[in-house]
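Here is how the chains run, residue by residue.
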Amino acid sequence: MINDFIKYQAQTTPYPLGMEVSHAVGSYIFDTNNKKYLDFVAGVSACSLGHQNQRVNDAIKNQLDKYSHVMVYGEYSQSPSVHYCKLLVENLPAQLNKVYLVNSGTEACEGALKLVRRVTGRSQLISCHNAYHGNTMGSLSVMGFEERKQVFRPLIPDVDFITFNNEEDILKITTKTAGIIVESIQGGAGFIQPENDFLAKVKKRCEEVGALLIVDEIQPGFGRTGKLFGFENYNVVPDVVIIGKGMAGGMPVGGFIANEKHMDLLSHDPKLGHITTFGGHPVIAAACLATLQEVLEKDYAKQSLEKEKLFRELLVHPLIEEVRGKGLMLAAMTRDSEITNQVILKCQDKGLILFWLLFEGKAIRITPPLTISEDEIREGCKIMLEVMEEVSLGFRV
């Protein structure tokens, strides 16, 4: 099957990992030789409740027996999406009270960028160097990594960049700025957290000049960093929140959230200011609702902090210079990208799935399901340390 995978399916890199997947359950993925792999990546933070979560599966199957797609988004009242949006809003700050459901994180970013321009009547957008918000043309325009976007230019004009955690750069937000988009924890850059109330200071500047703050919660959201959303850790309430990845237990989805006064502007002047055929799909929304209920009822956000402590206790090795991130959004940093490459590839050979970050070559991604057990954490960290011992033989530590 691997040859057909390469021949018929478009690739994202010249060197895909190429595992032939048979099935997955809990914290494990099995290949077609029935070899099992402990999953420390969770589909790049998407499979927040592990694989084949019973509550999510039951919700999907139950909804399939009722109806699937019946109408484009925003026309019919469909109970899974209505109940989901209501529960989500009930667990957010009061001013974030209307949800637009879409199909992916990058579409959520596109909608948010349009919204801040519509609300303010301004054109300038600001993002951060080394930021990642998706790969469609608007999202690509606010990606802060020129190497990945230069061949696709020209992109959306009137976009400027600041350095994350650089307070002097905040003054680039002016009365010409429609909105600034930031990640609550920078993902592709190396799981970098805000420092010295950086996000709150950005919001204050936005309020001073009439700009809007968009916070990207696509990776940190839904319990991964100790709160339901990452921004709750940093004393700030955004004007717009974009969500995706972990919100549906591994199903494809995204959304953006704002105040109803702002969000309602997308419905007129012009009408259909943002539209989507499959956004709010009832089967996907049922998975979203089941995922959110499970995360809230079992308090996986709080558990993520306890599991972070265990990772930090176990991941001590001369090859690891630091462990960045928060909760179950962690990156083990080595001093050299080649060390990172060897650790990731050798760990897969030994039955542990790790992965890279987009822009920081020295980072080893550790974003397991929120449901991972302490025993599984110990099992995976043991493999990592054994592999690091092997790799260290070829490097001067």
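One can find the structure itself at the top, above this paragraph.
The text that follows walks through the structure, step by step, so that each part is easy to find.

Rules behind the numbers
- Along each chain, numbering runs from 1 in the same order as the chain's sequence is written.
- For a predicted model such as this one, the threshold for reporting local features is a pLDDT of at least 70, and the threshold for listing and counting side-chain atom pairs is 80 or more; totals across whole chains, interfaces and linings nevertheless cover every residue.
- Heavy atoms throughout the structure, all of them, feed into the side-chain values; hydrogens and water do not.
- Secondary structure elements follow DSSP: runs of H or I no shorter than four residues count as helices, runs of E no shorter than two count as strands, and numbering proceeds from the N terminus.
- Here the globule rule reads 2.2 Å times residues to the power 0.38, and the radius of gyration is calculated from C-alpha atoms.
- It only takes one pair of heavy atoms within 4.5 Å for two residues to be counted as in contact.
- Values of accessible area rely on a 1.4 Å probe in the Shrake-Rupley scheme; residue burial ignores everything except the protein chains shown.
- Charge counting follows a simple rule: Lys and Arg are positive, Asp and Glu are negative, and His as well as the terminal groups are ignored.
- Where a charge lies is defined by one atom per residue type, namely NZ (Lys), CZ (Arg), CG (Asp) and CD (Glu).
- Disulfide: a pair of cysteine sulfur atoms within 2.5 Å of each other.
- Any two strands between which DSSP finds at least two bridges are classified as paired.
- Only C-alpha atoms enter the line fits that serve as axes; for helices the fit covers just the stretch in contact. Angles between N-to-C directions range over 0 to 180 degrees.
- Here, the term nonpolar core denotes a set of buried Ala, Val, Leu, Ile, Met, Phe, Trp, Tyr and Cys residues that are joined through side-chain atoms within 4.5 Å.
- Relative accessibility under 20% of the residue-type maximum defines a buried residue, over 50% an exposed one, and the middle range a partly exposed one, all with a 1.4 Å probe and only protein chains included.
- To estimate how far a helix should reach, multiply one less than its number of residues by 1.5 Å.
- Of all possible arcs, the one meant is that of the directions from the helix axis to the C-beta atoms.
- Under the pairing criterion, centres of Phe, Tyr and Trp rings, with the six-membered ring standing for Trp, must be within 6.5 Å; the plane angle then separates stacked pairs below 30 degrees from edge-to-face pairs above 60, leaving the rest tilted.
- In this scheme, Lys NZ or Arg CZ marks a charge over a ring once it lies within 6 Å of the ring centre and within 35 degrees of the ring normal.

Another point: the overall build of the protein. Summing up its helical and strand segments, the protein has 12 helices and 14 strands in all. Against the 2.2 N^0.38 benchmark of 21 Å for 397 residues, the protein shows a C-alpha radius of gyration of 21 Å, consistent with a compact globule. Each principal axis of the C-alpha atoms in the protein carries an extent, and together these give about 65 × 55 × 45 Å. Sequence separation of 24 or more characterises 72% of the internal contacts of the protein that already satisfy a separation of 6 or more. Carbon and sulfur atoms provide 51% of the accessible area of the protein, an area that totals close to 17,800 Å². Taken as two groups, the 41 positive and 48 negative side-chain charges of the protein have centres that lie 2 Å from each other.

Relative to the helices and strands, G190 resides in the loop between strand 7 (177-183) and helix 7 (198-209). As for G190 and I353, which are separated by 163 residues in sequence, their C-alpha atoms are 18 Å apart. Non-local contacts of G190, meaning those with residues more than four positions away in its chain, are made with R324, A331, L357 and E360.

A full pass over the atoms with the stated rule returns 0 disulfides. No disulfide involves C85; its sulfur sits 8.6 Å from the nearest other cysteine sulfur, which is in C288. There is no disulfide at C206, and the cysteine sulfur nearest it, in C128, is 11 Å away.

What follows concerns the sheet that holds strand 14 (residues 363-366). Sheet architecture is open: 3 strands sit in the order 11-12-14, paired in antiparallel fashion. The open sheet has two edge strands with one neighbour each: strand 11 (322-326) and strand 14. Neighbour-to-neighbour, the strand axes of the sheet open up by a mean angle of 20°, direction not taken into account. Bridge count for strand 12 (residues 329-333) against strand 14 is 4 bridges, and the pairing is antiparallel. Residue pairing for strand 14: A332 is matched across the bridge by I364.

Counting 88 residues, the largest nonpolar core has F40, Y84, L88, L354 and M384 as its most contacted members. Looking at which element gives the most residues to this core, the answer is helix 9 (residues 282-297), with 9 residues. Setting aside chain neighbours within four positions, we find L354 in contact with F40, V41, V343, I344, C347, I364, R365, I366 and M384.

So, on to helix 12 (residues 374-392). Over its 19 residues, helix 12 runs 26 Å from end to end, which matches the ideal 27 Å to within 8%, given 1.5 Å per residue. For helix 12, the set of buried residues is E376, I377, G380, C381, I383, M384, V387, M388, V391 and S392. Along the axis of helix 12, the buried positions cluster into a sector of 165°, meaning they face one direction only. Across helix 12 from its buried face, at more than 90 degrees, point the exposed residues D375 and K382. On its buried face, helix 12 is in contact with strand 2 (28-31), strand 3 (36-39), helix 10 (300-314), helix 11 (337-349), strand 13 (352-353) and strand 14.

Under the defined criterion, the tally for this structure stands at 9 aromatic pairs. Taken together, a centroid distance of 6.4 Å and an interplanar angle of 70° make the contact between Y132 and F359 edge-to-face. Remark: F359 occurs in the loop between strand 13 and strand 14 and Y132 occurs in the loop between strand 5 (124-128) and helix 6 (137-141); sequence separation between them is 227 residues. For Y132, a relative accessible area of 26% gives the class partly exposed. Summarising the aromatic geometry, the rings of F145 and F359 are spaced 4.2 Å apart at their centres and angled 10° between planes, so their arrangement reads as stacked. Here F359 lies in the loop between strand 13 and strand 14 and F145 lies in the loop between helix 6 and strand 6 (159-162), a separation of 214 residues in the sequence. Per residue, the accessibility class of F145 equals that of F359, and both read buried. What links up through ring pairs into an aromatic cluster is the set Y73, Y100 and F256. We note K36 situated over the ring of Y28; from NZ or CZ to the ring centre the distance is 4.5 Å.

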